[in-house]
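Results of the structural survey
Here's the letter readout for the chains.
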Amino acid sequence: MSLLFKTTCRQGEIKITEITIGVFSFGQTLWQAPWTTITGIEYQSGPMQTVTLAIHSTQGDYTVNMILRRQFDELCTHLPGVIVTETVTSLKPRFWYHDETKLTHIETYETEKDVQRDVESAYQHGWQIQGQIAQVGQISGSKIIAGAILAGPVGAMIGAIRGKGKITITFVRSSEWIAQHPRP
């Protein structure tokens, strides 16, 4: 039986012959079925131009992890008539300030650098600091003034941070963001 298609995946290799489709690792068959029994393929996009597949057949299902997207597209051409569907899932946002379901957030920081990074990013995503910053440590008057000159009131609060204490900040959504994102 001649080999029509072969590519690598996380488990090893996926191969299609004139009769079968299968996943193999170091000469061992992990899963195999006649390609005529394939009833559908679901895929989900992954990192670095890869996809994860769920191959459905009348003889059982099998998941293939991390196949290159271009190889997946070629694989599909060797399975005529098979229904291919994309599975879209809602992933948890990478950073808290990306989560559009939240209206408030409390964060505790160890360093000034972490505070600066989050305040700037949060502001770009419709957040503002509520009230005051709770801090254990010292406050620098000159840094308050410098921060205010450079970045306004938020800069003043960030400029105040000094010492080895932890900084706790309460963030809330800005009124502009709330107006642009009405709740059902």
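We now turn to the structure provided with this report. Predicted model, so just to flag it, every value in this text is computed and none were measured. (Residues numbered from 1 in each chain as written. Predicted model: local features only at pLDDT ≥ 70, side-chain atom pairs only at ≥ 80, totals over all residues. Heavy atoms only, no water.)

**Things to note about the sheet that holds strand β5 (residues 38-45)**
For clarity, the threshold we go by: Only strands that DSSP links by at least two bridges are regarded as paired with each other. Labels follow the DSSP assignment, with helices taken as runs of H or I lasting at least four residues and strands as runs of E lasting at least two, numbered in each case from the N terminus. Axes here mean lines fitted to C-alpha atoms, for a helix over just the part in contact, with angles spanning 0 to 180 degrees between N-to-C directions.
Strand order in this open sheet of 4 strands is β7-β6-β5-β8, and the pairing throughout is mixed. Whereas interior strands pair on both sides, the edge strands pair on one side only; in this sheet they are β7 (60-68) and β8 (84-86). Direction aside, the axes of adjacent strands within the sheet are offset by 20° on average. Looking at chain direction, β5 and β8 are connected through 3 bridges and run parallel.

**Notes on helix α1 (residues 69-77)**
Convention followed: Relative accessibility under 20% of the residue-type maximum defines a buried residue, over 50% an exposed one, and the middle range a partly exposed one, all with a 1.4 Å probe and only protein chains included. In this description, the arc belongs to the directions extending from the helix axis to the C-beta atoms. Here, two residues are considered to be in contact whenever any of their heavy atoms come within 4.5 Å of each other.
For α1, every residue scored as buried is listed here: Q71, F72 and L75. The arc enclosing the buried residues of α1, seen along the axis, measures out at 105°, which places them on a common side. Exposed and oriented more than 90 degrees from the buried face of α1 are R70 and T77. Where α1 is buried, its residues contact β1 (3-9), β2 (12-17), β5, β6 (50-57), β7 and β8.

**A short note on unusual backbone geometry**
Within the chain, F26 stands out as a residue other than glycine whose phi angle is a positive 50°. Looking at the secondary structure, you find F26 in the loop between β3 (20-25) and β4 (28-34). Given the relative accessible area of 85%, F26 is considered exposed. Positive phi outside glycine occurs at M66, with the angle close to 55°. Within the secondary structure layout, M66 lies in strand β7.

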